[in-house]
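# Tertiary structure, described
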Amino acid sequence: AAKARGDALLALDLLDLAADHVAVVDLFVEALSKLVARDARDDRRLAWLDKARRYADDRLAASSAVLAALAAANRHKTGHAFQTLLNLAAFFDAVSDRDYARALDILDALDLLPATDRDLGPTLENAHNLHHALHLLFPDLLLNTALCLDALHKRAHPDHPPAA
């Protein structure tokens, strides 16, 4: 009911109190997939990320009830998407801070984009198996990755623009 009234953060608290772990993670994934690529200073983004990070720190230990509930519901992709979205938020924050090398390090650790031409096939196969919420972020992810690469190239070679 709280979510229907537009208060998704209240709904999240109520679901958490009811220990409906799968619904909590679903709601985080739904919200974060729409927010992580926004301006790092966006108030809604900050509120959701703060709550998500606290939830992850408090509830996602290796033997947690949350992970058990996700496994019992065969929702491993949802748990993976939640953790990936938190890492993507760090990627977008690093881009916003113009810390392009750190942004690319974060992205490299997520293994969402191919590092070499040989990685293209396996990376595409993995991408097809990702939670649909992550697919929504690929345009922003590719654009920001290109921005990082371009900025780092310009820093390293200020007198040589990238080849067209």
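Described below are features of the structure shown in this document. (Residues numbered from 1 in each chain as written. Predicted model: local features only at pLDDT ≥ 70, side-chain atom pairs only at ≥ 80, totals over all residues. Heavy atoms only, no water.)

## Here we look at the packing of aromatic side chains
- Counted by the stated rule, this structure contains 5 aromatic pairs.
- Residues Phe28 and Tyr55 carry aromatic rings whose centres are separated by 5.3 Å and whose planes lie at 50° to one another, so their mutual orientation is tilted. Taken together, the residues Phe28 in helix α2 (residues 21–35) and Tyr55 in helix α3 (residues 43–59) connect sequence positions 27 residues apart.
- For Phe28, a relative accessible area of 1% corresponds to the buried category.
- Among the aromatic side chains, those forming a connected cluster through ring pairs are Phe28, Trp48, Tyr55 and Phe82. (Phe/Tyr/Trp six-rings, centres within 6.5 Å; stacked < 30°, edge-to-face > 60°. Helix = DSSP H or I, 4+ residues; strand = E, 2+ residues; numbered from the N terminus. Buried < 20%, exposed > 50% of the residue type's maximum accessible area, 1.4 Å probe, protein only.)

## Remarks on a nonpolar patch on the surface
- Judged by side-chain polarity, Leu10, Leu14 and Leu17 come together as a nonpolar surface patch covering roughly 310 Å² of accessible area.
- Along the chain, the position of Leu14 falls in helix α1 (residues 8–17).
- By relative accessible area, Leu14 is classed as partly exposed at 47%. (Patch = residues over 30% accessible without salt bridge, like charges linked within 9 Å, V, L, I, M, F, W, Y side chains within 5 Å. Areas by Shrake-Rupley, 256 points an atom, 1.4 Å probe, with all protein chains shown as cover. Salt bridge = Lys/Arg side-chain N within 4 Å of Asp/Glu carboxyl O.)

## Overview of the layout of surface pockets
- In this structure, the largest pocket encloses a volume near 160 Å³.
- If you trace the largest pocket, you find it lined by Leu104, Leu107, Asp108, Leu112, Leu113, Pro114, Ala115, Thr145 and Leu149.
- Across the lining of the largest pocket, the residue classes tally to 7 nonpolar, 1 polar and 1 charged. (1 Å grid on protein atoms, 1.4 Å probe; cavity = no way out; pocket = protein on both sides within 12 Å on 5 of 7 lines; lining within 4 Å. Points joined across faces, edges and corners; volume = space filled by probe spheres on them. Nonpolar A, V, L, I, M, F, W, Y, C, P; charged D, E, K, R; others polar.)

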